[in-house]
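Fold and geometry: a report
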Amino acid sequence: MGTWNPGGETGTFSFTMWIKPVNVPSGNAHHVFAKRDDWGNLAGQMWQAVVRTGSFTFERNGLGRPNNAVGAVLPPFGEWIHVAGTFENCQGQPGPAALYVNGVLATAPGAVMHFGDGTDTNIYFGMAGAGTSATWGYAGQMDDLSFWNIALSEAAIRQLMVPGGMAKLLDTSAASN
């Protein structure tokens, strides 16, 4: 996927996916996907989705920008879990953010994210990025990872959890209902 930015200039996008993580040793972070080059290049890093012991977070660190994260408690490891995130107008300013676990809103109302401006970093799946430790790689299975250039509604996320419940090519009006 290279340096593709799903939110483009607006910072509005969603992701949906199924994960089946294995136990993560305390203190470790297993990166499901990340748009970053390395931990030391905070100016280039944009965002990452991370499984830690008992939690799933979508976080942003970056030089000159606020470090922030939205997180959710996960069911026990070894089970298939549907996770989704929606982000609106987060490019260049804080904007609404939400994480869903198994179709249920898992973040507090009013949560916000702020993305970086850089688009030159790569997107990595199952690892933190170039130059990072292999111990930060994702341990487990993932399926049906999708990125959307719209903020999906809770109803649309629930429909996507059901096999055949919603076509993958969504009409924007259908996604916002």
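Just so we're clear, the structure is a prediction, and the values are computed from it rather than from any experiment. Residue positions are given per chain, counting from 1 as you read along its sequence in written order. A pLDDT threshold of at least 70 governs which residues receive local features in this predicted model, and a stricter bar of 80 or more applies before side-chain atom pairs are shown or counted, although totals over entire chains, interfaces and linings include all residues. As a convention, hydrogens and water are excluded, and side-chain values are obtained from all of the structure's heavy atoms.

1. Some thoughts on the packing of aromatic side chains
Here a pair means two rings of Phe, Tyr or Trp (six-membered ring of Trp) with centres within 6.5 Å. Their orientation is stacked below 30 degrees between planes, edge-to-face above 60, and tilted elsewhere. Counted according to the given criterion, the structure contains eleven aromatic pairs. Seen from their ring centres, Phe-13 and Phe-147 are 6.5 Å apart, and the 45° between their planes marks the pair as tilted. In this pair, Phe-13 is assigned in strand S1 (residues 13-21) and Phe-147 in strand S11 (residues 140-148), connecting sequence segments 134 residues apart. Among the aromatic residues, ring-to-ring pairing joins Phe-13, Phe-15, Phe-33, Phe-56, Phe-58, Phe-87, Phe-125 and Phe-147 into one connected group. Counting from the N terminus, the helices are the DSSP runs of H or I reaching at least four residues and the strands are the DSSP runs of E reaching at least two.

2. Brief notes about unusual backbone geometry
Even without being glycine, Asn-102 reaches a positive phi, approximately 50°. By the element assignment, Asn-102 lies in the loop between strand S7 (95-101) and strand S8 (104-105). The phi torsion at Asp-144 lies on the positive side, around 55°, for a residue other than glycine. One can find Asp-144 in strand S11.

3. What to know about the pattern of salt bridges
Oppositely charged side chains can form a pair if their charged atoms are brought close together. Any Lys or Arg side-chain nitrogen located within 4 Å of an Asp or Glu carboxyl oxygen qualifies as a salt bridge. Tallied over the full model, the rule gives two salt bridges. In this structure, Arg-52 engages Glu-59 in a salt bridge whose closest nitrogen and oxygen atoms are separated by 3.2 Å. Close ionic contact of Glu-154 with Arg-158 constitutes a salt bridge, the shortest N to O distance being 2.8 Å. One end of the pair, Glu-154, and the other, Arg-158, are both in helix H1 (residues 154-161), four residues apart, so they sit about a helical turn from each other. Taking relative accessible area as the criterion, Glu-154 reaches 28% and is therefore assigned partly exposed. Exposure classes here rest on a 1.4 Å probe applied to the protein chains alone. A residue is buried below 20% of its type maximum, exposed above 50%, and partly exposed in between.

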